[in-house]
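The primary structure of each chain is shown beneath.
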Amino acid sequence: MSDSVSSLNDPSASGKPSATREQWSSRLVFVLAATGSAVGLGNIWKFPYITGEFGGGAFVLIYLMCIASIGIPIMMAEIMLGRRGRHDPVTTMKKLAKESGHSRSWGLLGWMGVIAGFLILSYYSVIASWAMAYVPRMAAGTFSGLDAQAVNSVFSSLVSSPESLIAWHTLFLFMTMSVVARGVRSGLEKAVTYLMPLLFVLLVVLIFYAMGTGHFWQGLSYLFNPDFSKISTEGILSAMGHAFFTLSLGMGAIMVYGSYLPDHTSIAKASISVALMDTLVALLAGMIIFPIVFANSLEPGAGPGLIFKTLPLAFGHMNYGTFFGTLFFVLLVFAAWTSSISLIEPAITWSMKTFQISRIRAAVTSGILVWFMGLFTVFSFNLASEFTISSAISTKYGEFVILKDATAFDFLDYLTSNIMLPLGGLMIAIYAGWLMNKMYSRDELNINRFWYFIWSVLVRYVAPVMVIIVFFNAMGVVAFVRSIMGV
Ligand code: PHE
(Lines give C-alpha, C1' and ligand atoms only; values in the text may rest on other atoms or scores of the structure.)
Protein backbone atom coordinates (compact mmCIF):
# COMPACT_ATOMS: atom_id res chain seq x y z
CA MET A 1 0.00 0.00 0.00
CA SER A 2 2.77 2.37 0.89
CA ASP A 3 4.35 2.03 -2.55
CA SER A 4 1.21 3.11 -4.20
CA VAL A 5 0.90 6.21 -2.10
CA SER A 6 4.57 6.95 -2.49
CA SER A 7 3.72 8.04 -6.00
CA LEU A 8 2.92 11.35 -4.39
CA ASN A 9 6.55 11.62 -3.31
CA ASP A 10 8.19 11.12 -6.56
CA PRO A 11 9.38 14.46 -7.96
CA SER A 12 9.69 13.02 -11.41
CA ALA A 13 6.31 11.36 -11.27
CA SER A 14 4.48 14.23 -12.89
CA GLY A 15 6.85 14.20 -15.83
CA LYS A 16 6.47 10.56 -16.71
CA PRO A 17 4.19 9.32 -19.39
CA SER A 18 1.05 7.88 -17.93
CA ALA A 19 1.88 4.27 -18.64
CA THR A 20 4.87 4.25 -16.29
CA ARG A 21 3.62 6.72 -13.73
CA GLU A 22 3.22 5.27 -10.27
CA GLN A 23 -0.31 4.71 -9.15
CA TRP A 24 -2.47 3.87 -6.18
CA SER A 25 -2.52 0.11 -5.88
CA SER A 26 -6.25 -0.22 -5.62
CA ARG A 27 -9.47 1.66 -5.49
CA LEU A 28 -9.55 1.18 -1.75
CA VAL A 29 -6.30 3.09 -1.30
CA PHE A 30 -7.62 5.88 -3.43
CA VAL A 31 -10.91 5.95 -1.56
CA LEU A 32 -9.03 6.12 1.73
CA ALA A 33 -6.80 8.93 0.55
CA ALA A 34 -9.68 10.88 -0.93
CA THR A 35 -11.72 10.29 2.21
CA GLY A 36 -8.76 11.50 4.24
CA SER A 37 -8.86 14.66 2.18
CA ALA A 38 -12.62 15.07 2.35
CA VAL A 39 -13.20 14.28 6.03
CA GLY A 40 -11.69 17.03 8.08
CA LEU A 41 -12.50 20.20 9.92
CA GLY A 42 -15.18 20.84 7.31
CA ASN A 43 -17.28 18.00 8.69
CA ILE A 44 -16.76 18.30 12.39
CA TRP A 45 -16.01 21.97 12.95
CA LYS A 46 -17.57 23.82 10.04
CA PHE A 47 -20.72 21.87 9.18
CA PRO A 48 -22.30 22.18 12.66
CA TYR A 49 -21.46 25.83 13.08
CA ILE A 50 -22.72 27.00 9.70
CA THR A 51 -25.81 24.84 10.11
CA GLY A 52 -26.38 26.70 13.36
CA GLU A 53 -25.77 30.06 11.73
CA PHE A 54 -28.21 29.40 8.93
CA GLY A 55 -30.95 28.00 11.09
CA GLY A 56 -30.80 24.19 10.78
CA GLY A 57 -32.98 21.83 8.72
CA ALA A 58 -33.50 23.82 5.53
CA PHE A 59 -29.78 24.50 5.28
CA VAL A 60 -28.99 20.81 5.83
CA LEU A 61 -31.49 19.74 3.18
CA ILE A 62 -30.03 22.11 0.58
CA TYR A 63 -26.55 20.96 1.50
CA LEU A 64 -27.56 17.31 1.02
CA MET A 65 -29.17 18.12 -2.32
CA CYS A 66 -26.00 19.89 -3.42
CA ILE A 67 -23.87 16.89 -2.43
CA ALA A 68 -26.02 14.53 -4.49
CA SER A 69 -26.70 16.64 -7.56
CA ILE A 70 -23.57 18.78 -7.81
CA GLY A 71 -20.94 17.24 -5.54
CA ILE A 72 -20.92 13.63 -6.75
CA PRO A 73 -21.07 14.39 -10.50
CA ILE A 74 -18.38 17.06 -10.20
CA MET A 75 -16.23 14.76 -8.10
CA MET A 76 -16.46 12.17 -10.87
CA ALA A 77 -15.56 14.85 -13.41
CA GLU A 78 -12.62 16.11 -11.39
CA ILE A 79 -11.18 12.63 -10.82
CA MET A 80 -11.69 11.86 -14.48
CA LEU A 81 -9.83 14.97 -15.64
CA GLY A 82 -7.04 14.17 -13.21
CA ARG A 83 -6.66 10.62 -14.43
CA ARG A 84 -6.81 11.64 -18.07
CA GLY A 85 -4.23 14.39 -17.56
CA ARG A 86 -1.97 12.64 -15.08
CA HIS A 87 -0.19 15.85 -14.09
CA ASP A 88 -0.55 18.73 -11.67
CA PRO A 89 -3.86 20.60 -12.18
CA VAL A 90 -2.39 23.44 -14.26
CA THR A 91 -0.54 21.13 -16.65
CA THR A 92 -3.44 18.68 -16.72
CA MET A 93 -5.88 21.35 -17.84
CA LYS A 94 -3.49 22.76 -20.43
CA LYS A 95 -2.73 19.30 -21.74
CA LEU A 96 -6.36 18.24 -21.97
CA ALA A 97 -7.37 21.52 -23.60
CA LYS A 98 -4.62 21.19 -26.17
CA GLU A 99 -5.44 17.56 -26.87
CA SER A 100 -8.97 18.46 -27.80
CA GLY A 101 -8.24 21.75 -29.52
CA HIS A 102 -9.36 24.20 -26.84
CA SER A 103 -7.63 27.23 -25.45
CA ARG A 104 -4.68 26.69 -23.16
CA SER A 105 -6.14 29.30 -20.85
CA TRP A 106 -7.96 26.40 -19.23
CA GLY A 107 -4.72 26.20 -17.29
CA LEU A 108 -6.12 29.13 -15.31
CA LEU A 109 -8.53 26.72 -13.68
CA GLY A 110 -5.56 24.87 -12.23
CA TRP A 111 -4.06 28.14 -11.17
CA MET A 112 -7.12 29.22 -9.30
CA GLY A 113 -7.03 25.89 -7.48
CA VAL A 114 -3.42 26.38 -6.46
CA ILE A 115 -4.26 29.80 -5.02
CA ALA A 116 -7.44 28.56 -3.32
CA GLY A 117 -5.41 25.78 -1.69
CA PHE A 118 -2.98 28.33 -0.26
CA LEU A 119 -5.72 30.57 1.05
CA ILE A 120 -7.74 27.74 2.59
CA LEU A 121 -4.73 26.16 4.24
CA SER A 122 -3.78 29.52 5.75
CA TYR A 123 -6.90 29.56 7.91
CA TYR A 124 -7.43 25.80 8.10
CA SER A 125 -4.13 25.53 9.92
CA VAL A 126 -5.20 28.08 12.52
CA ILE A 127 -8.43 26.23 13.24
CA ALA A 128 -6.50 22.96 13.42
CA SER A 129 -4.30 24.71 15.92
CA TRP A 130 -7.31 25.29 18.16
CA ALA A 131 -7.91 21.56 18.10
CA MET A 132 -4.26 20.93 18.92
CA ALA A 133 -4.34 23.38 21.77
CA TYR A 134 -7.30 21.48 23.20
CA VAL A 135 -5.38 18.20 23.40
CA PRO A 136 -3.20 19.10 26.43
CA ARG A 137 -6.13 20.92 28.03
CA MET A 138 -8.32 17.86 27.68
CA ALA A 139 -5.59 15.55 28.92
CA ALA A 140 -5.03 17.71 31.98
CA GLY A 141 -8.71 17.48 32.83
CA THR A 142 -9.22 21.24 32.46
CA PHE A 143 -12.84 20.78 31.46
CA SER A 144 -13.89 18.32 34.15
CA GLY A 145 -17.12 19.45 35.68
CA LEU A 146 -17.02 22.92 34.08
CA ASP A 147 -20.26 24.66 33.16
CA ALA A 148 -20.98 26.26 29.80
CA GLN A 149 -19.74 29.65 30.87
CA ALA A 150 -16.42 28.33 32.12
CA VAL A 151 -15.88 26.28 28.96
CA ASN A 152 -16.60 29.40 26.97
CA SER A 153 -13.95 31.32 28.74
CA VAL A 154 -11.32 28.63 28.13
CA PHE A 155 -12.05 29.04 24.43
CA SER A 156 -12.00 32.82 24.53
CA SER A 157 -8.73 32.94 26.36
CA LEU A 158 -7.19 30.61 23.78
CA VAL A 159 -8.25 32.60 20.73
CA SER A 160 -7.43 35.91 22.31
CA SER A 161 -3.80 34.95 22.67
CA PRO A 162 -1.94 35.51 19.38
CA GLU A 163 1.24 33.99 20.82
CA SER A 164 -0.24 30.62 21.58
CA LEU A 165 -2.21 30.52 18.31
CA ILE A 166 0.95 31.32 16.39
CA ALA A 167 2.87 28.63 18.23
CA TRP A 168 0.26 25.95 17.44
CA HIS A 169 -0.19 27.22 13.87
CA THR A 170 3.57 26.88 13.37
CA LEU A 171 3.54 23.36 14.75
CA PHE A 172 0.60 22.26 12.63
CA LEU A 173 2.10 23.68 9.43
CA PHE A 174 5.38 22.05 10.30
CA MET A 175 3.63 18.71 10.64
CA THR A 176 1.80 19.18 7.37
CA MET A 177 4.81 20.31 5.45
CA SER A 178 7.07 17.57 6.76
CA VAL A 179 4.70 14.94 5.48
CA VAL A 180 4.37 16.77 2.19
CA ALA A 181 8.14 17.19 1.93
CA ARG A 182 8.97 13.58 2.60
CA GLY A 183 6.05 12.42 0.57
CA VAL A 184 2.74 11.20 1.69
CA ARG A 185 4.12 7.71 2.21
CA SER A 186 5.53 8.30 5.68
CA GLY A 187 2.81 6.53 7.50
CA LEU A 188 0.02 8.71 6.33
CA GLU A 189 -1.85 5.96 4.62
CA LYS A 190 -1.69 4.01 7.84
CA ALA A 191 -2.99 7.01 9.67
CA VAL A 192 -5.91 7.11 7.32
CA THR A 193 -6.51 3.38 7.52
CA TYR A 194 -6.62 3.18 11.29
CA LEU A 195 -7.42 6.61 12.58
CA MET A 196 -10.37 7.40 10.36
CA PRO A 197 -12.31 4.32 11.52
CA LEU A 198 -11.34 5.20 15.09
CA LEU A 199 -12.68 8.71 14.66
CA PHE A 200 -15.86 7.18 13.41
CA VAL A 201 -16.13 4.88 16.44
CA LEU A 202 -15.60 7.83 18.72
CA LEU A 203 -18.35 9.74 17.01
CA VAL A 204 -20.65 6.81 17.64
CA VAL A 205 -19.67 6.82 21.33
CA LEU A 206 -20.53 10.51 21.44
CA ILE A 207 -23.88 9.87 19.81
CA PHE A 208 -24.75 7.73 22.83
CA TYR A 209 -23.79 10.60 25.07
CA ALA A 210 -25.95 12.96 23.02
CA MET A 211 -28.86 10.53 23.36
CA GLY A 212 -28.53 10.75 27.09
CA THR A 213 -28.79 14.53 27.19
CA GLY A 214 -32.56 14.40 27.01
CA HIS A 215 -32.48 16.76 24.03
CA PHE A 216 -31.60 14.29 21.32
CA TRP A 217 -34.90 14.64 19.49
CA GLN A 218 -34.75 18.37 19.65
CA GLY A 219 -31.30 18.18 18.07
CA LEU A 220 -32.51 15.83 15.36
CA SER A 221 -35.49 17.94 14.59
CA TYR A 222 -33.30 21.02 14.39
CA LEU A 223 -31.12 19.21 11.85
CA PHE A 224 -33.72 17.42 9.80
CA ASN A 225 -36.91 19.40 10.05
CA PRO A 226 -36.59 22.06 7.36
CA ASP A 227 -38.00 25.48 8.03
CA PHE A 228 -37.61 27.33 4.76
CA SER A 229 -38.52 30.66 6.26
CA LYS A 230 -35.13 30.62 7.93
CA ILE A 231 -33.08 30.27 4.80
CA SER A 232 -31.59 33.25 2.95
CA THR A 233 -29.83 33.49 -0.42
CA GLU A 234 -26.61 33.65 1.53
CA GLY A 235 -27.57 30.44 3.33
CA ILE A 236 -28.17 28.70 0.00
CA LEU A 237 -24.81 29.90 -1.32
CA SER A 238 -23.10 28.72 1.84
CA ALA A 239 -24.77 25.30 1.63
CA MET A 240 -23.52 24.94 -1.92
CA GLY A 241 -20.08 26.31 -1.10
CA HIS A 242 -19.85 23.90 1.78
CA ALA A 243 -20.69 20.95 -0.45
CA PHE A 244 -17.59 21.82 -2.48
CA PHE A 245 -15.48 22.48 0.58
CA THR A 246 -16.36 19.31 2.41
CA LEU A 247 -15.78 17.09 -0.62
CA SER A 248 -12.49 18.91 -1.38
CA LEU A 249 -13.78 19.85 -4.82
CA GLY A 250 -13.13 22.67 -7.22
CA MET A 251 -9.48 23.32 -6.45
CA GLY A 252 -7.52 20.44 -7.89
CA ALA A 253 -6.93 18.38 -4.73
CA ILE A 254 -9.11 15.55 -5.94
CA MET A 255 -7.75 16.08 -9.46
CA VAL A 256 -4.21 15.44 -8.24
CA TYR A 257 -5.34 12.38 -6.29
CA GLY A 258 -7.20 11.22 -9.40
CA SER A 259 -4.04 11.57 -11.42
CA TYR A 260 -2.62 8.62 -9.49
CA LEU A 261 -5.63 6.40 -10.03
CA PRO A 262 -5.07 3.23 -12.07
CA ASP A 263 -6.78 3.12 -15.44
CA HIS A 264 -9.51 0.66 -14.77
CA THR A 265 -10.77 1.49 -11.32
CA SER A 266 -14.32 2.71 -11.18
CA ILE A 267 -14.51 6.45 -10.69
CA ALA A 268 -18.24 6.39 -10.00
CA LYS A 269 -18.05 3.86 -7.18
CA ALA A 270 -15.08 5.64 -5.63
CA SER A 271 -16.83 9.04 -5.74
CA ILE A 272 -20.00 7.71 -4.22
CA SER A 273 -18.15 5.98 -1.39
CA VAL A 274 -16.19 9.11 -0.55
CA ALA A 275 -19.28 11.32 -0.63
CA LEU A 276 -21.27 8.91 1.54
CA MET A 277 -18.60 8.62 4.19
CA ASP A 278 -18.04 12.34 4.24
CA THR A 279 -21.73 13.09 4.62
CA LEU A 280 -22.16 10.49 7.32
CA VAL A 281 -19.39 12.03 9.41
CA ALA A 282 -20.87 15.51 9.06
CA LEU A 283 -24.36 14.36 10.01
CA LEU A 284 -23.02 12.43 12.99
CA ALA A 285 -21.18 15.54 14.14
CA GLY A 286 -24.40 17.54 13.88
CA MET A 287 -26.37 14.89 15.75
CA ILE A 288 -23.85 15.05 18.57
CA ILE A 289 -23.46 18.78 18.82
CA PHE A 290 -27.02 20.10 18.68
CA PRO A 291 -28.44 17.99 21.52
CA ILE A 292 -25.56 19.28 23.67
CA VAL A 293 -26.30 22.82 22.53
CA PHE A 294 -29.96 22.55 23.52
CA ALA A 295 -29.32 20.65 26.73
CA ASN A 296 -27.11 23.48 27.94
CA SER A 297 -29.18 26.35 26.54
CA LEU A 298 -26.34 27.37 24.25
CA GLU A 299 -26.67 29.34 21.08
CA PRO A 300 -26.67 27.20 17.86
CA GLY A 301 -25.39 30.21 15.94
CA ALA A 302 -22.36 30.65 18.19
CA GLY A 303 -20.05 30.73 15.18
CA PRO A 304 -16.67 29.13 14.57
CA GLY A 305 -16.16 28.34 18.27
CA LEU A 306 -19.25 26.10 18.43
CA ILE A 307 -17.63 22.66 18.77
CA PHE A 308 -14.95 24.05 21.04
CA LYS A 309 -17.64 25.29 23.38
CA THR A 310 -19.96 22.29 23.25
CA LEU A 311 -17.90 19.12 23.10
CA PRO A 312 -15.73 19.90 26.13
CA LEU A 313 -18.95 20.26 28.10
CA ALA A 314 -19.91 16.74 27.13
CA PHE A 315 -16.47 15.36 27.89
CA GLY A 316 -16.33 17.25 31.16
CA HIS A 317 -19.45 15.48 32.35
CA MET A 318 -19.04 11.93 31.15
CA ASN A 319 -17.25 8.88 32.53
CA TYR A 320 -13.74 8.66 31.18
CA GLY A 321 -14.36 12.06 29.61
CA THR A 322 -10.73 13.05 29.94
CA PHE A 323 -9.67 10.00 27.98
CA PHE A 324 -12.34 10.26 25.30
CA GLY A 325 -11.93 14.00 25.01
CA THR A 326 -8.20 13.79 24.52
CA LEU A 327 -8.60 11.03 21.98
CA PHE A 328 -11.26 13.00 20.14
CA PHE A 329 -9.14 16.10 19.68
CA VAL A 330 -6.13 14.01 18.67
CA LEU A 331 -8.25 12.37 16.00
CA LEU A 332 -9.62 15.71 14.88
CA VAL A 333 -6.07 16.94 14.42
CA PHE A 334 -5.34 13.85 12.32
CA ALA A 335 -8.43 14.40 10.21
CA ALA A 336 -7.33 18.01 9.66
CA TRP A 337 -3.81 16.84 8.89
CA THR A 338 -4.84 14.46 6.10
CA SER A 339 -6.98 17.22 4.59
CA SER A 340 -4.34 19.91 4.78
CA ILE A 341 -1.88 17.74 2.92
CA SER A 342 -4.26 17.55 0.02
CA LEU A 343 -4.89 21.29 0.16
CA ILE A 344 -1.26 22.02 -0.61
CA GLU A 345 -0.56 19.07 -2.92
CA PRO A 346 -1.67 20.90 -6.11
CA ALA A 347 0.68 23.79 -5.29
CA ILE A 348 3.53 21.40 -4.57
CA THR A 349 3.24 19.38 -7.77
CA TRP A 350 2.77 22.55 -9.79
CA SER A 351 5.74 24.43 -8.32
CA MET A 352 8.04 21.42 -8.60
CA LYS A 353 7.32 21.21 -12.27
CA THR A 354 7.26 24.92 -13.05
CA PHE A 355 10.37 25.94 -11.12
CA GLN A 356 12.12 22.58 -11.44
CA ILE A 357 12.63 22.42 -7.69
CA SER A 358 12.69 19.48 -5.33
CA ARG A 359 9.68 18.44 -3.29
CA ILE A 360 11.42 19.57 -0.12
CA ARG A 361 12.08 23.00 -1.48
CA ALA A 362 8.54 23.33 -2.74
CA ALA A 363 7.24 22.33 0.70
CA VAL A 364 9.48 24.73 2.60
CA THR A 365 8.63 27.70 0.38
CA SER A 366 4.91 27.05 0.41
CA GLY A 367 5.02 26.43 4.15
CA ILE A 368 6.59 29.84 4.77
CA LEU A 369 4.07 31.55 2.52
CA VAL A 370 1.09 29.86 4.18
CA TRP A 371 2.51 30.62 7.61
CA PHE A 372 2.58 34.35 6.89
CA MET A 373 -0.85 34.29 5.36
CA GLY A 374 -2.14 32.44 8.41
CA LEU A 375 -1.33 35.46 10.56
CA PHE A 376 -4.36 37.25 9.08
CA THR A 377 -6.58 34.58 10.57
CA VAL A 378 -4.70 34.47 13.86
CA PHE A 379 -5.15 38.21 14.33
CA SER A 380 -8.75 38.29 13.23
CA PHE A 381 -9.67 36.59 16.51
CA ASN A 382 -7.77 39.03 18.68
CA LEU A 383 -5.65 42.08 17.76
CA ALA A 384 -7.47 42.78 14.51
CA SER A 385 -10.94 41.57 15.41
CA GLU A 386 -12.23 45.10 14.95
CA PHE A 387 -10.95 45.36 11.40
CA THR A 388 -13.91 44.24 9.42
CA ILE A 389 -15.30 44.82 5.98
CA SER A 390 -18.85 44.91 4.82
CA SER A 391 -20.13 44.88 1.33
CA ALA A 392 -23.65 45.53 0.20
CA ILE A 393 -25.59 46.61 -2.86
CA SER A 394 -28.48 48.98 -2.43
CA THR A 395 -31.45 48.22 -4.55
CA LYS A 396 -34.99 49.39 -4.83
CA TYR A 397 -35.86 46.60 -2.42
CA GLY A 398 -33.43 47.79 0.18
CA GLU A 399 -29.88 46.84 1.02
CA PHE A 400 -28.54 43.61 -0.40
CA VAL A 401 -25.88 42.51 2.04
CA ILE A 402 -23.06 40.30 0.77
CA LEU A 403 -20.61 40.52 3.62
CA LYS A 404 -21.32 41.99 6.99
CA ASP A 405 -18.61 42.92 9.46
CA ALA A 406 -16.35 40.26 8.04
CA THR A 407 -12.96 39.78 9.67
CA ALA A 408 -9.99 38.63 7.60
CA PHE A 409 -10.91 35.05 8.49
CA ASP A 410 -14.55 35.50 7.45
CA PHE A 411 -13.44 37.11 4.24
CA LEU A 412 -10.98 34.32 3.36
CA ASP A 413 -13.56 31.69 4.15
CA TYR A 414 -16.21 33.45 2.05
CA LEU A 415 -13.88 34.06 -0.86
CA THR A 416 -12.65 30.47 -1.02
CA SER A 417 -15.71 28.39 -0.09
CA ASN A 418 -18.41 30.53 -1.59
CA ILE A 419 -16.64 31.90 -4.64
CA MET A 420 -13.46 30.12 -5.69
CA LEU A 421 -14.51 26.50 -5.12
CA PRO A 422 -17.94 26.79 -6.79
CA LEU A 423 -16.33 28.68 -9.68
CA GLY A 424 -13.65 26.01 -10.02
CA GLY A 425 -16.34 23.33 -9.85
CA LEU A 426 -18.40 25.12 -12.48
CA MET A 427 -15.45 25.22 -14.85
CA ILE A 428 -14.70 21.55 -14.22
CA ALA A 429 -18.33 20.68 -14.98
CA ILE A 430 -18.32 22.74 -18.16
CA TYR A 431 -15.07 21.28 -19.36
CA ALA A 432 -15.97 17.68 -18.57
CA GLY A 433 -19.57 17.95 -19.72
CA TRP A 434 -19.33 20.15 -22.80
CA LEU A 435 -15.79 20.35 -24.08
CA MET A 436 -14.22 17.00 -23.42
CA ASN A 437 -14.64 14.52 -26.20
CA LYS A 438 -17.45 12.15 -25.22
CA MET A 439 -15.39 9.20 -26.31
CA TYR A 440 -12.85 10.05 -23.62
CA SER A 441 -15.31 10.64 -20.83
CA ARG A 442 -17.19 7.46 -21.69
CA ASP A 443 -13.99 5.55 -21.74
CA GLU A 444 -12.76 7.01 -18.43
CA LEU A 445 -16.01 6.63 -16.52
CA ASN A 446 -16.79 3.23 -17.95
CA ILE A 447 -20.37 3.11 -16.68
CA ASN A 448 -23.42 1.81 -18.51
CA ARG A 449 -25.41 4.01 -20.90
CA PHE A 450 -28.08 4.83 -18.40
CA TRP A 451 -25.73 6.06 -15.71
CA TYR A 452 -23.61 7.87 -18.26
CA PHE A 453 -26.72 9.68 -19.40
CA ILE A 454 -27.62 10.65 -15.83
CA TRP A 455 -24.09 11.84 -15.16
CA SER A 456 -24.09 13.89 -18.40
CA VAL A 457 -27.34 15.60 -17.54
CA LEU A 458 -26.10 16.43 -14.05
CA VAL A 459 -22.73 17.69 -15.14
CA ARG A 460 -23.88 19.53 -18.26
CA TYR A 461 -27.09 21.12 -17.04
CA VAL A 462 -28.01 20.63 -13.40
CA ALA A 463 -24.68 21.45 -11.76
CA PRO A 464 -23.74 24.48 -13.92
CA VAL A 465 -27.23 25.95 -13.85
CA MET A 466 -27.53 25.56 -10.10
CA VAL A 467 -24.10 27.02 -9.46
CA ILE A 468 -24.80 29.99 -11.74
CA ILE A 469 -28.22 30.75 -10.27
CA VAL A 470 -27.10 30.49 -6.68
CA PHE A 471 -24.02 32.47 -7.43
CA PHE A 472 -25.69 35.34 -9.20
CA ASN A 473 -28.37 35.49 -6.61
CA ALA A 474 -25.98 35.64 -3.72
CA MET A 475 -23.67 38.11 -5.38
CA GLY A 476 -26.54 40.49 -5.62
CA VAL A 477 -26.55 40.33 -9.42
CA VAL A 478 -30.18 39.31 -9.48
CA ALA A 479 -31.21 42.01 -7.03
CA PHE A 480 -29.17 44.51 -9.01
CA VAL A 481 -30.68 43.59 -12.38
CA ARG A 482 -34.18 43.57 -10.94
CA SER A 483 -33.69 46.99 -9.45
CA ILE A 484 -32.41 48.38 -12.77
CA MET A 485 -35.29 46.85 -14.67
CA GLY A 486 -37.73 47.89 -12.01
CA VAL A 487 -39.20 44.41 -11.58
N1 PHE B 1 -12.60 18.73 2.66
C2 PHE B 1 -11.80 19.25 3.70
C3 PHE B 1 -12.63 19.33 4.98
O4 PHE B 1 -13.80 19.10 4.95
C5 PHE B 1 -11.21 20.59 3.35
C6 PHE B 1 -10.59 20.67 2.01
C7 PHE B 1 -11.10 21.55 1.07
C8 PHE B 1 -9.52 19.84 1.65
C9 PHE B 1 -10.57 21.62 -0.22
C10 PHE B 1 -8.98 19.91 0.37
C11 PHE B 1 -9.51 20.77 -0.57
O12 PHE B 1 -12.13 19.63 6.02
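Sequence order as written defines the numbering, with residues in each chain counted from 1. With the structure being a predicted model, the display of local features is reserved for residues of pLDDT at least 70 and the display and counting of side-chain atom pairs for 80 or more, all residues being used for whole-chain, interface and lining totals. Think of the side-chain values as coming from all heavy atoms in the structure, minus any hydrogens and water.

Helix and strand assignments come from DSSP, with helices taken as H or I runs of at least 4 residues and strands as E runs of at least 2, each series counted from the N terminus. Looking at the element boundaries, Asp88 is found in the loop between α4 (57-85) and α5 (89-99). Each residue gets one of three labels from its accessible area relative to the maximum for its type: buried under 20%, exposed over 50%, partly exposed in between, using a 1.4 Å probe on protein chains only. Charge counting treats Lys and Arg as positive and Asp and Glu as negative, with His and both chain ends excluded. Salt bridges are defined as contacts in which a side-chain nitrogen from Lys or Arg sits within 4 Å of a carboxyl oxygen from Asp or Glu. The buried charged residue Asp88 lacks any salt bridge, with Lys353 as its nearest oppositely charged partner at 5.4 Å. Polar contacts involving the side chain of Asp88 include one to the main-chain amide nitrogen of Val90, which spans 3.1 Å. Note on contacts: a residue pair qualifies if any of its non-hydrogen atoms lie within 4.5 Å across the two residues. Setting aside anything within four residues of it in sequence, one finds Asp88 in contact with Thr349, Trp350 and Lys353. The term polar contact refers here to a pair of N or O atoms within 3.5 Å; inside protein, the definition further demands a hydrogen-donor-capable atom paired with an acceptor-capable atom, and it admits residues adjacent in sequence only when both atoms are side-chain atoms.

On to a nonpolar patch on the surface, then. A cluster of nonpolar residues, Phe200, Val204, Phe208, Met211 and Leu280, forms a patch on the protein surface that exposes about 440 Å² of accessible area. Position of Met211 relative to the elements: it lies in helix α9 (residues 188-211). Patch membership requires more than 30% relative accessible area and the absence of a salt bridge. Residues of like charge join within 9 Å; the nonpolar side chains Val, Leu, Ile, Met, Phe, Trp and Tyr join within 5 Å. The method behind every accessible area is Shrake-Rupley, applied with a 1.4 Å probe, and residues are considered shielded solely by the protein chains displayed.

A single reference atom marks each charge: NZ on Lys, CZ on Arg, CG on Asp, CD on Glu. Together, Lys94, Lys98, Arg104 and Lys353 give the surface a local cluster of positive charge. You can see Arg104 is positioned in the loop between α5 and α6 (107-139).

Let us look at the packing of helix α11 (residues 233-246) against helix α19 (residues 449-474). It is the contact of α11 with α19, at a shortest axis distance of 9 Å, that shows an interaxial angle of 135°. Between α11 and α19, the interaxial angle falls into the category oblique. In this structure, the crossing between α11 and α19 has a hand that is left-handed. Judged by residue contacts, Thr233, Ile236, Leu237, Met240 and Phe244 of α11 engage Met466, Val467, Val470, Phe471, Asn473 and Ala474 from α19. Any residue outside Ala, Val, Leu, Ile, Met, Phe, Trp, Tyr, Cys, Pro, Asp, Glu, Lys and Arg is labelled polar, Gly included; the first ten of those are nonpolar and the last four are charged. When its residues are assigned to classes, the contact of α11 with α19 shows nine nonpolar, two polar and no charged. As a rule, the C-alpha atoms of each element are fitted with a line to give its axis, helices using only the stretch in contact, and angles between N-to-C directions run from 0 to 180 degrees. Angles below 35 degrees are treated as roughly parallel, those above 145 as roughly antiparallel, those between 65 and 115 as roughly perpendicular, and all remaining angles as oblique. For any pair of crossing helices, the crossing counts as left-handed if the nearer helix is rotated counterclockwise from the farther one by less than a right angle, and right-handed if it is rotated clockwise.

Another point: the site of the ligand. The rule for a residue being near a molecule or strand is that one of its heavy atoms must lie within 4 Å of it. Surveying the vicinity of the ligand reveals 14 residues, the closest of which are Ala38, Gly42, Tyr124, Phe245 and Ser248. The separation between a nitrogen atom of the ligand and a polar side-chain atom of Ser248 is 3.0 Å. Starting from 330 Å² of accessible surface for the ligand in isolation, the protein chains cover 100%. A pocket here means an open set of points on a 1 Å grid, computed over the protein atoms alone, that has protein on both sides within 12 Å along at least five of seven lines. A cavity is instead a set of points where a 1.4 Å probe fits but cannot get out; residues with an atom within 4 Å of a point line either one. Should more than half of a molecule's atoms lie within 2 Å of a pocket's or cavity's grid points, that molecule is taken to sit in it. In this structure the site holding the ligand corresponds to the largest cavity. Elements supplying a minimum of two residues to the shell around the ligand: α2 (27-38), α3 (41-53), α11 and α15 (321-354). The residue inventory of the shell around the ligand, partitioned by class, reads six nonpolar, eight polar and no charged.

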